[in-house]
Amino acid sequence: MTDTLDDLDVEGTTVGVRVDINSPIDDDGSLADDARLRAHVDTLSELLERGGRVAVLAHQGRPGGDDFVSLEPHAERLSTLLERPVDYVDVTYSSGAREAVRNLDDGDCIVLENTRFYSEEYMEFDPDAAAQTHLVEGLAPVLDAYVNDAFAAAHRSQPSLVGFPSVLPGYAGRVMESELDVLGSIEETPEPRVYVLGGAKVSDSIDVAWSVLEKGLADHVLTAGVAGNVFLTADGVDLGDASTDFIYEQGYWDEIDRAADLLDAYGEQVALPRDVAVERDGERHELGVNALPPADSEAAMDIGSSTLSYYERILEDARTVILNGPAGVFEEAAFENGTRELYNAASGVETSIVGGGDTASALRSLGVEGFSHVSTGGGAALRMLTAEPLPAVTALEDGPKHQQPADD
Ligand SMILES: Nc1ncnc2c1ncn2[C@@H]1O[C@H](COP(=O)(O)OP(=O)(O)OP(=O)(O)O)[C@@H](O)[C@H]1O
Ligand SMILES: O=C(O)[C@H](O)COP(=O)(O)O
């Protein structure tokens, strides 16, 4: 178990707080959604109210992407959310960054620049090597403690996630604590346990399916979204050119063989869509799998109503449901039905846990509520749902193994 903010004597302490405020960015560079910033308000407010001196560390986007931007808009928004000035510092570990951190008073907060503006932060290291990166050697000398609240990035072993806890006392923030509480005890949730795997990250979904079936964690796996299409193809269903080409284009051709192997091994526990929705004459049109393939241009964009009834029956007997990824192209009104109705059915299950950033935003836009837990994490939640350790959490648990680098 990791230490939490309850174990940290905060007053007068300079704390580096790693958060995950990686957010969608509008064309003009502003934040398109602040949900991930709001998630960290409790941790940051608590540290500031308890007299901490807070330096926020975070990444935004990936090098080369349109959303690979500075954290200035994030600092501005945090200032509004925390109802206090939050200064943005345009460097992360240089002498200027150290100076800004040294100048903090009790209750002050700054946001340091996007950690991924430095190439090391986009590489994976073991904690010992991460402790010797420029970021950690440059910034750790002016910090007294490290708080990791970035659950959504905890599946990465990047320096800001695994390096600091190797040289400083580390603590889980409130978001991290609550995510670990819920997702770290999947084995203890009541059975029957059903996993619903949709969305577009097919290899991840198949990894999860293999893992939870092998470990005996899942009574049933329900497939939907692009993952459902890949499983149908693996089962010998011809989805037509549009869906098949899409699977090719996304590089998921090998996944069809993996899905076929999974069906051979665990076919009775894996449920496949019984019908799909395509666009015909500008409208939603449902086709049973026996009526496939559709016309060449018609792609399977959602699960149909027979699939919904079939999956709802399985969910009626479930006591735990774990969901990741939408059931269809929920962004288009004609294809939101599968996601809305499937998630509505799932929200009535005794324990209902949702992971995935796109999934969380789908639920917000479709107005579906009532889950036991909606995770802030996509990849990190998926990894935890397979009961696999997260490198950033392991680094926190292991504690410091190296001396804190000296201040100059
Ligand atoms: N049948 C389908 N055909 C094409 N795209 C689909 C289909 N079903 C779902 N999608 C797409 O899948 C995308 C979401 O999948 P993704 O796996 O990224 O979700 P997520 O796990 O919740 O997100 P993340 O892991 O990024 O936080 C949506 O943009 C949706 O349009
Ligand atoms: O959005 C996420 O899933 C996290 O912020 C991690 O981002 P990454 O996939 O670019 O490492």
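Residues numbered from 1 in each chain as written. Chains lettered and ligands numbered in written order. Predicted model: local features only at pLDDT ≥ 70, side-chain atom pairs only at ≥ 80, totals over all residues. Heavy atoms only, no water.

- The name given to the chain in an unreviewed UniProt entry is Phosphoglycerate kinase, with Natronorubrum sediminis as the source organism.
- What UniProt records for the chain under Catalytic activity (unreviewed entry) is the sentence "(2R)-3-phosphoglycerate + ATP = (2R)-3-phospho-glyceroyl phosphate + ADP".
- The record held by UniProt for the chain lists under Pathway (unreviewed entry) the comment "Carbohydrate degradation; glycolysis; pyruvate from D-glyceraldehyde 3-phosphate: step 2/5." (UniProt positions renumbered as here; feature names shortened; annotations may be inferred.)

**Here's the deal with empty space enclosed by the protein**
Then step 1. Tallied over the full model, the rule gives 1 cavity of 30 Å³ or more.
Then step 2. One number sums up the size of the largest cavity: a volume of about 40 Å³.
Then step 3. Around the largest cavity, the lining residues are Asp20, Arg36, Ala39, His40, Asp149, Phe151, Ala152, Val175 and Thr376.
Then step 4. Its residues placed into classes, the lining of the largest cavity shows 4 nonpolar, 2 polar and 3 charged. (1 Å grid on protein atoms, 1.4 Å probe; cavity = no way out; pocket = protein on both sides within 12 Å on 5 of 7 lines; lining within 4 Å. Points joined across faces, edges and corners; volume = space filled by probe spheres on them. Nonpolar A, V, L, I, M, F, W, Y, C, P; charged D, E, K, R; others polar.)

**Observations concerning a negative patch on the surface**
Then step 1. On the surface, Asp238, Asp241, Asp245, Glu249 and Asp296 cluster together into a patch of negative charge.
Then step 2. Note that Glu249 resides in helix H11 (residues 241-249). (Patch = residues over 30% accessible without salt bridge, like charges linked within 9 Å, V, L, I, M, F, W, Y side chains within 5 Å. Areas by Shrake-Rupley, 256 points an atom, 1.4 Å probe, with all protein chains shown as cover. Salt bridge = Lys/Arg side-chain N within 4 Å of Asp/Glu carboxyl O. Lys, Arg positive; Asp, Glu negative; His and termini not counted. Charge placed at Lys NZ, Arg CZ, Asp CG, Glu CD. Helix = DSSP H or I, 4+ residues; strand = E, 2+ residues; numbered from the N terminus.)

**Quick word on the site of ligand 1**
Then step 1. Around ligand 1, a shell composed of 20 residues is seen, among which Ala200, Lys201, Glu331, Gly357 and Thr359 lie nearest.
Then step 2. Separating an oxygen atom of ligand 1 from a side-chain N or O atom of Thr359 is a distance of 2.4 Å.
Then step 3. Here ligand 1 has 660 Å² of accessible area as a free molecule, and 84% of this is covered by the chains.
Then step 4. Among the elements of the structure, helix H10 (225-234) and helix H15 (357-366) are those that each provide at least two residues to the shell around ligand 1.
Then step 5. By residue class, the composition of the shell around ligand 1 is 8 nonpolar, 9 polar and 3 charged. (Near = heavy atom within 4 Å. Polar contact = N/O pair within 3.5 Å; in protein donor to acceptor, adjacent residues only side chain to side chain.)

**Some words on the sheet that holds strand S10 (residues 275-280)**
Then step 1. Strands sit in the order S11-S10-S12 across an open sheet of 3 strands; the sheet is antiparallel. Both edges of this open sheet fall to strand S11 (283-288) and strand S12 (302-303), since each of them pairs with a single strand only.
Then step 2. One ladder, built from 2 bridges, connects S10 with S12; its direction is antiparallel. By the bridge assignment for S12, Val276 is matched with Ile303. (Pairing = 2+ DSSP bridges.)

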